[in-house]
Amino acid sequence: MVSLVAVSAAGHAAGATAARPGTIRGRVELRHVPPPVERRPSIAELGGPTSAAVRDLQDRARAVVYLESAPRGAFEQSEPGRAMMDQRNETFVPHVLAITTGTTVDFTNSDRIYHNVFSLSKTEPFDLGRYAVGHSKPQRFDHPGIVRVFCDIHSHMNAFILVFSHPFFAITDADGRYHIDNVPPGTYNVIAWNEGVSSEPRSVTVPDAGVADLDFTLR
Amino acid sequence: MTTWLKATPLAIAIVAATSLPARAQTLPSEPIVFGDGRLTIGGDAAVSFAPQDPGFFNYTDYEHSTLRILRIDLTAALKADDHLSFLADMRSENADSPRPYALYARIRPWTHRALDIQIGRVPPTFGAFARRTYASDNFLIGYPLAYQYLTSLRPDAVPASAEELLKMRGRGWLASYSIGDQTPYRGVPLVSAFTWDTGVQVHAASDRVDATASVTAGTVSNPLFHDDNDGKQVAGRLAFRPVIGLVLGASAARGPFVSRTAARGAVGDGNEGRFTQTAWGADVEYSRDYYVVRVETILSDWTLPIVRAPNLNLPLRAFSTSVEGRYKIQPGLYVAARLDHIGFSQITGLTATDTWDAPVTRVEVGGGYSLQRNLVLKLSYQYNSRDGGRVHTLNLAAAQLVFWF
């Protein structure tokens, strides 16, 4: 797995002063979409689950595409961002979130049961405790890296938050397509990621005010 | 204690296999799935270390202490269709041959209604803790006294008089009586957490209320696979959730306790149905933010045959209270504590009146640290006190490593 912490300023951008930004776009094809995590066998329960957790394969098929090395000046962060990750039908929605450092994520609870969001990741360990439906708790992410998020009560609930120190990343749509806009012209290494699996970095040159196409195949 | 030595290499192997950098999330933490989710396999492994327990405060029989054990559970759920699934738990203790701890069919007649019928070796209907006995569900290493501590009563052997019972005070780990099976053997806890009963269970749930009823072969203190007295236990539990985070539970159970052989030896044929265990339980759980608090109280009455004077004062009553709590200090680190007590009713022997078993109190404090999400190291310190038996007080430190997937 390629660590997002490796992201750093790179000097590949050409003609930075007069150049107009371009776009990297393409498609990520997944040969195999990892299935959602099943509940552990509920041996000690007096009955089966009262509600079925949503098995959203489409959410799991979303990949994140990002520049391994960002152009100089990309780290001048503007306003800290805000994002949301809901807990609904014993599932984190969305399953994958890509944000920049300094972003605060609001973890809402839309279920009529307790959830307890936590992460033991080196990037951003946190534990929001138990809270009920209609409540939300914020967590700010200040360090780049991959944060695996779980619920302490429901072991089948999990999600990924990818924290970048630059804004050059995109999440694929339902068809696997992506586009990273406003990329200064230059040559970059680009990586595609899905459910803990990363592609090898692939080099692409972004022309002045132009579009560079780059497709990936994962798994 | 040879089984403990036998388990050591396997315990070391588990520890070696899991000696990864702290806080990494690299061990498998998801159940293994086959057939597009039809078959799900999970597992729990726990290895516990502690010094010798000469007072047998933590033993579940003469050989097994909850503080010195390697326990491996392999659980499986096979979903035949939307209405029928089969669930099983194969358990091995100290590397012994695996045995079926749970094995039952779960039937859901209407898929859109939370009504289940479970048939086979089913989860305990009675109480709250009995379904949290997996190490990953237990905040501490020891168990609540009511679910583990061995009283001096046995279903397969009964005392001929109050005097005989008084002689066994504080000796539940190896009790012997003159009627029934005269081989020294362990007594029973108020409610057994280590064997599940066999029968039929019906469970219905709504947003706020859970109701469960069951008919099984044994009793709460002596769950059975094969019935030993032809009498069935009837048990029920009602759990109410007035607000999220608060659970109020009440349980009751009643069934013939004494085996046919022991009853026949005491009072002749046809009387075994009269010698029952009746138990009532109440439990409360409240959780919020970073803490969980649980209180559980159990009252159990046993009716035994009266053979000769001095007569037993029936029913023989035991009353337990357990209070436990957990508080998370930071991600992956928590502290926990439990206070436990069992008291017993009095009987009169030849020379004195005393409780029929020795009252026992336990305080356990400790905590857990998540080396990774599903690999937890627990440490605890236990103070045990008993008004009888060969060891009256005992302090024990314990460590436990728990892994689940």
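About the thresholds
- Residues numbered from 1 in each chain as written.
- Chains lettered and ligands numbered in written order.
- Predicted model: local features only at pLDDT ≥ 70, side-chain atom pairs only at ≥ 80, totals over all residues.
- Helix = DSSP H or I, 4+ residues; strand = E, 2+ residues; numbered from the N terminus.
- Rg over C-alpha atoms; globule rule 2.2 N^0.38 Å.
- Buried ≥ 20, exposed ≤ 12 C-beta atoms within 10 Å, placed from the backbone.
- Contact = placed C-beta atoms within 7 Å.
- Nonpolar A, V, L, I, M, F, W, Y, C, P; charged D, E, K, R; others polar.
- Core = buried A, V, L, I, M, F, W, Y, C linked by C-beta atoms within 7 Å.
- Pairing = 2+ DSSP bridges.
- Axes fitted to C-alpha atoms, helices over the stretch in contact; angles between N-to-C directions.
- pLDDT = per-residue confidence, 0-100.

Some details on the overall build of chain B
Right, so step 1: Tallying secondary structure elements over chain B gives four helices and 21 strands in all.
Right, so step 2: In summary, chain B has a C-alpha radius of gyration of 21 Å against a globular reference of 22 Å for 405 residues, a match within 12%.
Right, so step 3: Structurally, chain B occupies a C-alpha span of about 65 × 50 × 40 Å along its principal axes.
Right, so step 4: By residue count, 47% of the 405 residues in chain B fall in the buried class.
Right, so step 5: Relative to all contacts within chain B whose residues are 6 or more apart in sequence, the contacts with residues 24 or more apart total 60%.

Observations concerning the overall build of chain A
Right, so step 1: Looking only at helices and strands, chain A features one helix and 20 strands.
Right, so step 2: A separation threshold of at least 6 residues defines the contact pool for chain A, and within that pool the share at least 24 residues apart is 67%.

A closer look at helix α4 (residues 260–267) of chain B
Right, so step 1: Restricting attention to buried positions, one finds in α4 of chain B the residues R260, A262, A263, G265 and A266 of chain B.
Right, so step 2: Phi turns positive one or two residues past the end of α4 of chain B, at G268 of chain B, with a value near 90 degrees.

A few points about the interface of chain B and chain A
Put simply, an interface is often sized by how much accessible area is lost when its parts join up.
Right, so step 1: Between chain B and chain A, the contact holds 38 residues from the first and 29 residues from the second.
Right, so step 2: When contributions to the side of chain B that touches chain A are tallied by element, the ones reaching two or more residues are β2 (39–49), β3 (70–79), β4 (84–93), β5 (99–107), β9 (198–205), β10 (209–216), β13 (276–288) and β19 (360–372) of chain B.
Right, so step 3: If one sorts the elements of the side of chain B that touches chain A by residue count, β3 of chain B sits on top with three residues.
Right, so step 4: When the residues that make up the side of chain B that touches chain A are grouped by side-chain class, the tally is 13 nonpolar, twelve polar and 13 charged.

Concerning the nonpolar core
Right, so step 1: Ranked by size, the top nonpolar core spans 50 residues in total, and within it V158 and V191 of chain B carry the most contacts.
Right, so step 2: Elements supplying a minimum of two residues to this core: α2 (145–148), β7 (157–158), α3 (162–166), α4, β14 (291–302), β15 (316–330) and β16 (333–344) of chain B.
Right, so step 3: In this view, V191 of chain B contacts F126, G127, A130, A146, Y147, V220, S221, A279 and I298 of chain B; residues no more than four positions away in its chain are not counted.
Right, so step 4: Membership of the second largest hydrophobic core comes to 47 residues, among which are A98, V149, L162 and A192 of chain A.

Observations concerning the sheet that holds strand β8 (residues 103–109) of chain A
Residues and elements named next belong to chain A.
Right, so step 1: Pairing is mixed in the open sheet, where four strands are placed in the order β6-β5-β8-β11. Of all strands in the sheet, those with a lone pairing partner are β6 (91–93) and β11 (136–141), marking the two edges. Direction aside, the axes of adjacent strands within the sheet are offset by 25 degrees on average.
Right, so step 2: In the sheet, β8 pairs with β11 via six bridges, with the strands oriented antiparallel. Each bridged residue has a counterpart across the sheet, and for F107 the counterpart in β11 is K137.

Description of the sheet that holds strand β13 (residues 158–164) of chain A
Two orientations exist for strands paired in a sheet by backbone hydrogen bonds: parallel and antiparallel.
All names here are of chain A.
Right, so step 1: Taken in spatial order, the five strands make up an open sheet running β7-β13-β12-β9-β10, and their pairing is mixed. Only two strands of the sheet have a single neighbouring strand rather than two, namely β7 (96–100) and β10 (126–131). Neighbour-to-neighbour, the strand axes of the sheet open up by a mean angle of 20 degrees, direction not taken into account.
Right, so step 2: Across four bridges, strand β9 (residues 115–119) lies against β10 in antiparallel orientation. When the sheet's bridge partners are listed, N116 is paired in β10 with R130.

Examining the confidence of the model for chain A
Right, so step 1: Looking at chain A as a whole, the pLDDT averages 88, with 85% of positions reaching at least 70.
Right, so step 2: Low pLDDT, under 50, characterises residues 5–16 of chain A; the stretch is placed with 33 contacts to residues that sit more than four places away or in other chains.

Things to note about the pairing of β15 of chain B
Residue and element names in this part refer to chain B.
Right, so step 1: Judged from the twelve bridges that link them, β14 and β15 form a sheet pairing that is antiparallel. Its bridge partner lying in β15, L299 is registered against F319.
Right, so step 2: Pairing of β15 with β16, which is carried by twelve bridges, proceeds in the antiparallel orientation. Paired with R326 across the bridge in β16 is A336.
Right, so step 3: Two successive antiparallel strands, β15 and β16, enclose a turn made up of two residues, where G332 displays a positive phi of approximately 85 degrees.

Looking at the environment of L218 of chain A
Residue and element names in this part refer to chain A.
Right, so step 1: Locating L218 in the fold gives a position in strand β20 (residues 216–218).
Right, so step 2: Considering only alpha carbons, one finds L218 and D111, 107 residues apart in sequence, at a separation of 33 Å.
Right, so step 3: In this structure L218 touches V28, L30, A63, A192, N194, V197 and S199, once residues within four positions along its chain are discounted.

Considerations on unusual backbone geometry
Right, so step 1: Here the amide bond leading from V93 of chain A into P94 of chain A is cis, since omega sits at 0 degrees, within 30 degrees of zero.
Right, so step 2: Along the chain, P94 of chain A turns up in the loop between β6 and β7.
Right, so step 3: In this structure, the amide linkage connecting A309 of chain B to the following residue, P310 of chain B, adopts the cis form with an omega of -5 degrees.
Right, so step 4: By secondary structure assignment, the location of P310 of chain B is in the loop between β14 and β15.

What to know about the environment of T100 of chain A
Residue and element names in this part refer to chain A.
Right, so step 1: Among the secondary structure elements, T100 is positioned in strand β7.
Right, so step 2: Judged by local crowding, T100 falls into the buried class, with 21 C-beta atoms found within 10 Å.
Right, so step 3: Linking T100 and N189, residues 89 residues apart in sequence, is a C-alpha distance of 19 Å.

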